[in-house]
Amino acid sequence: SLKTIPSETMLFDCGSACEALPLVLKGSIRVFKQSAAGREISLYRVNKDQLCLITLSCLLGEDAYPATGITESDVETILLPRTLFFHLIETEALFRQAAFHLFAERLSSLMQLVDEITFRKLDQRIAQLLVRRGPVIEESHQQLADELGSVREIVSRILKQFEEYGWIKLARRQIEVLNREALDK
């Protein structure tokens, strides 16, 4: 079924049953994990023509969701019910290949995230995020902290250091990259 889902709508939450696979036609879904203390880390985003790794995993394993998915913008999606998903996996080789290819691709990027969190310093991860999203990032320090699996105070301190070095300029809910080369190093 084709659905339009408004921005900031929770599509699934930790512990909820997985009933359908969303095929995103327009918009973006942020998938994240939240700790008992309320800290978040963004795992990935599902954009147009992408599949949700966690939904695929839950459908295949017949498990509940281990994370939360919220629309970041208005999302147009086709929802494939569980029974249709399994029918397509069993009978349509192209669908099966595409689903498992995307599954492997998403799993690889998720492993890269684990590697970054485990082995790279937070200042390096912030610099990489700024280079990737610049030249102007319109997000709060809390949103960046959630994205990176950290706390706002530490992210703000590092951003302030970057500003003192002349690499960025901070404003309310805005970061302007001034020296991309320095951040790249």
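Residues numbered from 1 in each chain as written. Predicted model: local features only at pLDDT ≥ 70, side-chain atom pairs only at ≥ 80, totals over all residues. Heavy atoms only, no water.

Peer 1: Honestly, the pairing of strand β10 (residues 174-177) in this entry has me stumped. Any pointers?
Peer 2: The side chains of a regular strand alternate between the sheet's two faces. Taking every second residue as pointing to the same face, the buried face of β10 carries Ile175 and Val177, while none of Gln174 and Glu176 on the other face is buried. The sheet contact formed by strand β8 (residues 136-137) and β10 spans two bridges and is antiparallel. The residue bridging Val136 from the neighbouring strand is Glu176, located in β10. Note: strand β9 (residues 168-171) against β10, four bridges, orientation antiparallel. (Buried < 20%, exposed > 50% of the residue type's maximum accessible area, 1.4 Å probe, protein only. Helix = DSSP H or I, 4+ residues; strand = E, 2+ residues; numbered from the N terminus. Pairing = 2+ DSSP bridges.)

Peer 1: Help me understand the nonpolar core in this model?
Peer 2: One broad rule of soluble globular proteins: the nonpolar side chains tend to lie buried together. Formed by 27 residues in total, the largest nonpolar core has its most connected members in Leu21, Val31, Tyr44, Val46, Cys52, Ile54 and Phe85. Those elements giving two or more residues to this core turn out to be β3 (20-26), β4 (29-34), β5 (40-46), α1 (53-61), β7 (75-81), α2 (82-91) and α3 (93-119). Discounting residues that sit within four places of it in the chain, Ile54 has contacts with Val31, Leu43, Tyr44, Tyr65, Pro66 and Ala67. Within the second largest apolar cluster, 18 residues are counted, among which are Leu122, Ile126, Leu130 and Ile158. (Core = buried A, V, L, I, M, F, W, Y, C linked by side-chain atoms within 4.5 Å. Contact = heavy atoms within 4.5 Å.)

Peer 1: Please explain the packing of aromatic side chains as it appears in this structure.
Peer 2: Here a ring pair, both rings aromatic, is described through the centre-centre distance and the interplanar angle of the planes. This model, assessed by the stated rule, comprises five aromatic pairs. Where Phe12 meets Tyr65, the ring centres are 3.9 Å apart and the plane angle is 10°; that geometry is what we call stacked. Of this pair, Phe12 sits in strand β2 (residues 10-12) while Tyr65 sits in the loop between α1 and β6 (68-71), and the two are 53 residues apart along the sequence. Exposure remark for Phe12: the relative accessible area of 6% places this residue in the buried category. The class for Tyr65 is buried, based on a relative accessible area of 6%. (Phe/Tyr/Trp six-rings, centres within 6.5 Å; stacked < 30°, edge-to-face > 60°.)

Peer 1: Explanation requested: the environment of Glu181 in the structure shown.
Peer 2: For Glu181, the location among the structural elements is in helix α7 (residues 180-184). Overall, the relative accessible area of 54% leaves Glu181 in the exposed class. In sequence terms Glu181 and Val131 are 50 residues apart; their C-alpha atoms lie 8.7 Å from each other.

Peer 1: I would appreciate a short explanation of the pattern of salt bridges in the present structure.
Peer 2: For side chains bearing opposite charge, pairing can occur when the charged atoms are close. Inspection of the entire model under this criterion finds seven salt bridges. Salt-bridge contacts for Glu72 lead to Arg45; the nearest nitrogen and oxygen are separated by 2.8 Å. Of this pair, Glu72 sits in the loop between β6 and β7 while Arg45 sits in strand β5, and the two are 27 residues apart along the sequence. The exposure class of Arg45 is partly exposed, given its relative accessible area of 21%. With its nearest N and O atoms 3.2 Å apart, the salt bridge here joins Arg152 to Glu153. Linked through salt bridges whose partners overlap, the residues forming this network are Arg45, Glu72, Arg133, Glu139 and Glu147. (Salt bridge = Lys/Arg side-chain N within 4 Å of Asp/Glu carboxyl O.)

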